[in-house]
Amino acid sequence: MSMRGGIDLGGTKIQAVVVDAEGKPLGDARGPTPHARGPQEVAAAMAAVMREAASAAGADAGSLAGVGVGSPGEVDSESGTVSNVVNILDWSGPFPLGETLASEIGVPVAIANDVQVATEAEATLGAGTDYSSLLGVFWGTGVGGGIVLDGKPWVGRGAAGEIGHVVVRRGGARCPCGRRGCMEAYAGRAAMEARARRRAGQGERTVLFEIMEERGRDRLASGVWARALAHGDTLAQDLIERAVKALGAGVGSAVNLLDVEAVVIGGGLGLRFGEPMVDRIRAAMMRHVFSDERPPVVRLAALGDLGGAIGGALRAPTGGG
Ligand SMILES: [Zn+2]
C-alpha cells in the first residue's frame, strides 16, 4: 500500500522518515531545528526535512498517504495544535502545527506526543513486540515516558507517562519543572549538566568541560558524558551513578504500580550508553521491585534514533485506505 511519513520534532534536530505499509523505513533525513526562530519557521523546516526523506525513499512528499508527527510540548491531537514547547522561541501559546504542515506538504497530518509515539513504535516494531504491556523510558535532556497497556496506548487524560517527574526523594534536588525530588532532577541530562557546572565551579576536577570544548559543543551532550566516563572521570562517574540510582527508583516504582511485561530504555543518553547501562538500570530497578520473582524484562530501544519518527509515521492519517 501507500507510503506514510513520520517526523520527530526535537529541540535540536528534526528527524523525518518514510515507511511502507508495514512500518519499514524506506528513506530518512535529518536537519537542525531552527529553535531560535519560532514555530512558523520550525514548521517550514519540518516540511523541508520531510520532503528530503521522501526523495530519499524515491517518492514525492505530496504523494504520501499522510504524515504523523511526534511533538514535544502540550499536544492537542484533535485540533493538531501544540503549545508550551519550552526549547523553541515564542512557542508558548497554541500553534496550528498540523494545519500548517498539511498545507506545506499537501497531505493530511496528525500530531501526537513525541515520547508516546516512540513507545508505540517500540511496542509495534521494536524491542517490545513480544509484549502487550510496556513502559518506555526515554533518558535524554529530560526523562520522558510512554505507556502501552493491553496493547493500547495509555495517555490518561493526556498527561500520563511523565515518569521523569515521579518523586524519588521528597524535598530533594530542584527539577527543571520547578518541583523538588523528581527523577529528572537527578537523571535528566540538563539537570546533570547544571550539577556538573556547579561542582566544577567549586573546584572539583573533571574533564567534562574540556571534552565539551574539544568537541566544539556548548553543552554536555551524551557523547561528552560517554568520553568522560571512558577517561575514568570521577565527577562524571558520580553523576551517572546518581542518575542510574534515580532511574532505578523511578522505574521500579512505576513497575510496582503497573506490573508491565517490559521496560524499554531509549533517549539520547540511553542509546549512547547502550546495553551495559541498561544492565545497571535493571540492577538499580530490582532493588525497588516489590514482586521480584517475576520482574519485567528491561531492554534497550531497538529502533534507535529513528524510533520517534517511525512512531509518528504509525500515527499518520491514511485516509481510511
Ligand atoms: Zn519535575
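Reading the values: the criteria
Residues numbered from 1 in each chain as written. Predicted model: local features only at pLDDT ≥ 70, side-chain atom pairs only at ≥ 80, totals over all residues. Heavy atoms only, no water. Helix = DSSP H or I, 4+ residues; strand = E, 2+ residues; numbered from the N terminus. Rg over C-alpha atoms; globule rule 2.2 N^0.38 Å. Buried < 20%, exposed > 50% of the residue type's maximum accessible area, 1.4 Å probe, protein only. Contact = heavy atoms within 4.5 Å. Areas by Shrake-Rupley, 256 points an atom, 1.4 Å probe, with all protein chains shown as cover. Lys, Arg positive; Asp, Glu negative; His and termini not counted. Charge placed at Lys NZ, Arg CZ, Asp CG, Glu CD. Pairing = 2+ DSSP bridges. Axes fitted to C-alpha atoms, helices over the stretch in contact; angles between N-to-C directions. Parallel < 35°, antiparallel > 145°, perpendicular 65-115°, else oblique. Left-handed = near helix turned anticlockwise from the far one by under 90°. Nonpolar A, V, L, I, M, F, W, Y, C, P; charged D, E, K, R; others polar.

Asks: What exactly am I supposed to notice about the overall build of the protein here?
Replies: In terms of regular secondary structure, the protein is built from 10 helices and 12 strands. Its C-alpha atoms give the protein a radius of gyration of 19 Å, near enough to 20 Å, the size a compact globule of 321 residues would have. For the protein, the spread of C-alpha atoms along the principal axes amounts to about 55 × 45 × 35 Å. Buried residues in the protein amount to 51% of all 321 residues. For the protein, the share of sequence-separated contacts (at least 6 apart) that also reach a separation of at least 24 residues comes to 63%. Within the structure as shown, the protein displays about 14,600 Å² of accessible surface, and the carbon and sulfur contribution to it stands at 48%. Of the charged side chains in the protein, 32 are positive and 36 negative, and the gap between their average positions amounts to 8 Å.

Asks: Looking at this structure, how should I read the sheet that holds strand β1 (residues 4-9)?
Replies: One key point about sheets: their strands pair by backbone hydrogen bonds, in either a parallel or an antiparallel sense. On the basis of which strands lie adjacent, the open sheet formed by 5 strands has the order β3-β2-β1-β4-β7 and mixed pairing. This sheet does not close on itself; its edge strands, each paired only once, are β3 (25-32) and β7 (109-113). Each strand axis lies, on average, 20° off the axis of its neighbour in the sheet, ignoring direction. Pairing of strand β2 (residues 13-19) with β3, which is carried by 7 bridges, proceeds in the antiparallel orientation. Of the residues in β3, the one forming a bridge with V17 is D28. Sitting on the sheet, helix α2 (residues 97-105) is in contact with β4 (67-71) and β7, with an inclination near 145° to β7. Sheet contacts for helix α10 (residues 307-314): β1, β2, β3 and β4; angle to β1, the most-contacted strand, approximately 135°.

Asks: Would you explain the packing of helix α1 (residues 38-56) against α2 in this entry?
Replies: In a pair of packed helices, the angle between the axes and the distance between the axes together describe the arrangement. It is the contact of α1 with α2, at a shortest axis distance of 10 Å, that shows an interaxial angle of 45°. The angle between the axes of α1 and α2 places the two elements in the oblique class. Relative to α2, the crossing made by α1 is right-handed. Contacts between α1 and α2 involve Q40, A43, A44, M46, A47, M50 and R51 from the former and L97, T100, L101, E104 and I105 from the latter. Residues of the contact of α1 with α2, tallied by class, amount to 8 nonpolar, 2 polar and 2 charged.

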